[in-house]
Structures are given as C-alpha cells and as structure tokens.
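The residues making up each chain are set out below.
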Amino acid sequence: MTEIFTATEIDELSAEIDRQLQELRQQGVAAYRSGDELDPGGALTKQKESIESLTKEPMLSFLAKFGRAAKADICDKDGLLNQQWHKWGDLNNKDALERLGAVLVTMGFSGNVVSPLAVAAIVVIAHIGLKAFCEDYGNNT
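Computed from a predicted structure; not experimentally measured. (Residues numbered from 1 in each chain as written. Predicted model: local features only at pLDDT ≥ 70, side-chain atom pairs only at ≥ 80, totals over all residues. Heavy atoms only, no water.)

1. Here we look at the overall build of the chain
Okay, so step 1: Each helix and strand in the chain was counted, giving 8 helices and 0 strands.
Okay, so step 2: Secondary structure of the chain in N-to-C order comes out as α-α-α-α-α-α-α-α.
Okay, so step 3: Residues classed as buried in the chain amount to 41% of the 141 residues present.
Okay, so step 4: As presented, the chain carries roughly 8,000 Å² of accessible surface, and 50% of it is formed by carbon and sulfur atoms. (Helix = DSSP H or I, 4+ residues; strand = E, 2+ residues; numbered from the N terminus. Buried < 20%, exposed > 50% of the residue type's maximum accessible area, 1.4 Å probe, protein only. Areas by Shrake-Rupley, 256 points an atom, 1.4 Å probe, with all protein chains shown as cover.)

If you want it as structure tokens, here you go:
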C-alpha cells in the first residue's frame, strides 16, 4: 500500500483527531452537567463544516459514499478497523489514517484536501461509534 501520509503528518493528524474528540467529549459533559440536551447533529458542527467545505456536498451524502467505499475496512467483520473497534472499543489513529486516507484517494480526493477530510471523517466515526456509522452509512449498496 502506498503511504498517503508521512510519519510526521500521521503524528500531527493523530493529535488533531484526539483534540477534536476531546473537545466533543467536553461539550457532551458540559451539556449533561448543565441539564441541557445536547443536539447530536450540532455536536459535529466543525466536522460537518469541514466535510462540506472540502467535498462541496452535504455531509450525509459524503458519508454515504465514504461508508460504501470504506465498508471493507470499517464495517466488514474481517476489516482491520472493525476488528480494532470490537477489541478495544476505539480506532487506532495511525491505522485509521492510513486506511481511510487511502479510501479518500481512491474516491478521487487529493492534495491538501485529504488530511483535513480524513481527520473529520475519523472524528465522526469515532464520535458516533462504528456500529452506528455502519448502520447508517456502510450497509448501503
């Protein structure tokens, strides 16, 4: 497999994924503590804006295409990322970046779009959970 990202880029992108996920967790805790109900669609505003800006299409439309393209890695029980999720309840950022970055390239994305798009997609998947992602976006044929 051709490397999409350098080791330095993977470290930087991995840190960004962790930062965004932590931010989402803090939003959830703050909403819970204040007694307000967190708007599930609103929680991913930053990722939605990034995806829509980079792809020039609605987030849900992109996620449906991405889910179909990444199904083997994410949703199939033999897929590397699916196995990680079931074993650890989480994704390894490095593996996710390598696998899903390659999926984005095969979908026709290139250049400076791939890094932020990979980060946004991985954050969405990790935030909503692999099972929910696959049910909503990975099982469409």
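From this point, things continue past the structure.
2. Structural notes on the environment of Glu49
Okay, so step 1: Mapped onto the elements of the fold, Glu49 is located in helix H3 (residues 45–55).
Okay, so step 2: Through-space distance from the C-alpha of Glu49 to that of Ala120 is 9.3 Å; in sequence the pair is 71 residues apart.

3. Some details on the pattern of salt bridges
Okay, so step 1: Summed over the entire model, instances satisfying the criterion amount to 7 salt bridges.
Okay, so step 2: Between Arg19 and Glu23 there is a salt bridge, and its shortest N-O distance comes to 3.2 Å. One end of the pair, Arg19, and the other, Glu23, are both in helix H1 (residues 7–34), 4 residues apart, so they sit about a helical turn from each other.
Okay, so step 3: Owing to a relative accessible area of 38%, Arg19 belongs among the partly exposed residues under this scheme.
Okay, so step 4: In this structure, Glu52 and Lys48 form a salt bridge, with 3.3 Å as the shortest nitrogen-oxygen distance. One end of the pair, Glu52, and the other, Lys48, are both in helix H3, 4 residues apart, so they sit about a helical turn from each other. (Salt bridge = Lys/Arg side-chain N within 4 Å of Asp/Glu carboxyl O.)

4. What to know about helix H4 (residues 59–74)
Okay, so step 1: Its 16 residues place the ends of H4 only 18 Å apart at the C-alpha level, less than the 22 Å of an ideal helix rising 1.5 Å per residue.
Okay, so step 2: Helix geometry: H4 is bent most strongly at Arg68, by close to 45 degrees.
Okay, so step 3: Those residues of H4 that are buried lie in contact with H3, helix H5 (80–88), helix H6 (93–106), helix H7 (114–128) and helix H8 (130–138). (Expected span 1.5 Å × (residues − 1). Bend = angle between axes of the 7 residues up to and from the residue. Contact = heavy atoms within 4.5 Å.)

5. Digging into the nonpolar core
What tends to happen in soluble globular proteins is that the nonpolar side chains get buried as a cluster.
Okay, so step 1: In terms of nonpolar packing, the biggest core is built from 40 residues, with Phe66, Ile74 and Leu100 touching the most fellow members.
Okay, so step 2: Secondary structure elements with two or more residues in this core: H1, H4, H5, H6, H7 and H8.
Okay, so step 3: Those residues in contact with Ile74, other than ones at most four positions away along the chain, are Phe66, Leu81, Asn82, Leu100, Ile125, Leu130, Phe133 and Cys134. (Core = buried A, V, L, I, M, F, W, Y, C linked by side-chain atoms within 4.5 Å.)

6. Digging into the packing of H3 against H4
Okay, so step 1: Taken N-terminus to C-terminus, the directions of H3 and H4 make an angle of 75 degrees; their axes are 9 Å apart at the nearest point. Judged on the interaxial angle alone, H4 and H3 are roughly perpendicular. Residues Gln47, Lys48, Ile51, Glu52 and Thr55 of H3 pack against Met59, Phe62 and Leu63 of H4.
Okay, so step 2: Looking at the contact of H3 with H4, its residues break down into 4 nonpolar, 2 polar and 2 charged. (Axes fitted to C-alpha atoms, helices over the stretch in contact; angles between N-to-C directions. Parallel < 35°, antiparallel > 145°, perpendicular 65-115°, else oblique. Nonpolar A, V, L, I, M, F, W, Y, C, P; charged D, E, K, R; others polar.)

7. Digging into the confidence of the model for the chain
Okay, so step 1: Residue-level pLDDT values for the chain average 86, and 87% of them are 70 or greater.
Okay, so step 2: The least confident element of the chain, judged by mean pLDDT, is helix H2 (residues 40–43) at 62; the most confident is H6 at 95.
Okay, so step 3: Confidence drops under pLDDT 50 across residues 32–41; counting only partners more than four residues distant or on other chains, this segment forms 5 contacts. (pLDDT = per-residue confidence, 0-100.)

8. Some points on the environment of Leu24
Okay, so step 1: Position of Leu24 relative to the elements: it lies in helix H1.
Okay, so step 2: In contact with Leu24, not counting residues within four places along its chain, are Ala43, Leu44, Gln47, Val123 and His127.

9. Digging into the packing of aromatic side chains
When we look at a pair of aromatic rings, we describe it by the centre distance and by the angle of the planes.
Okay, so step 1: With the rule as written, the count across this model stands at 3 aromatic pairs.
Okay, so step 2: Seen from their ring centres, Phe62 and Phe66 are 5.5 Å apart, and the 20 degrees between their planes marks the pair as stacked. Here Phe66 and Phe62 lie together in helix H4, a separation of 4 residues that amounts to about one turn.
Okay, so step 3: The exposure class assigned to Phe62 is buried, which follows from its relative accessible area of 0%.
Okay, so step 4: Under the relative-accessibility criterion, Phe66 is labelled buried at 1%.
Okay, so step 5: Ring centres 6.1 Å apart and planes at 75 degrees place the aromatic pair Phe62 and Phe109 in the edge-to-face group. In this pair, Phe62 sits in helix H4 while Phe109 sits in the loop between H6 and H7, placing the two residues 47 residues apart along the sequence. Taken individually, Phe62 and Phe109 each receive the classification buried, so the pair is uniform in this respect.
Okay, so step 6: One aromatic cluster is present, built from ring pairs that chain together Phe62, Phe66 and Phe109. (Phe/Tyr/Trp six-rings, centres within 6.5 Å; stacked < 30°, edge-to-face > 60°.)

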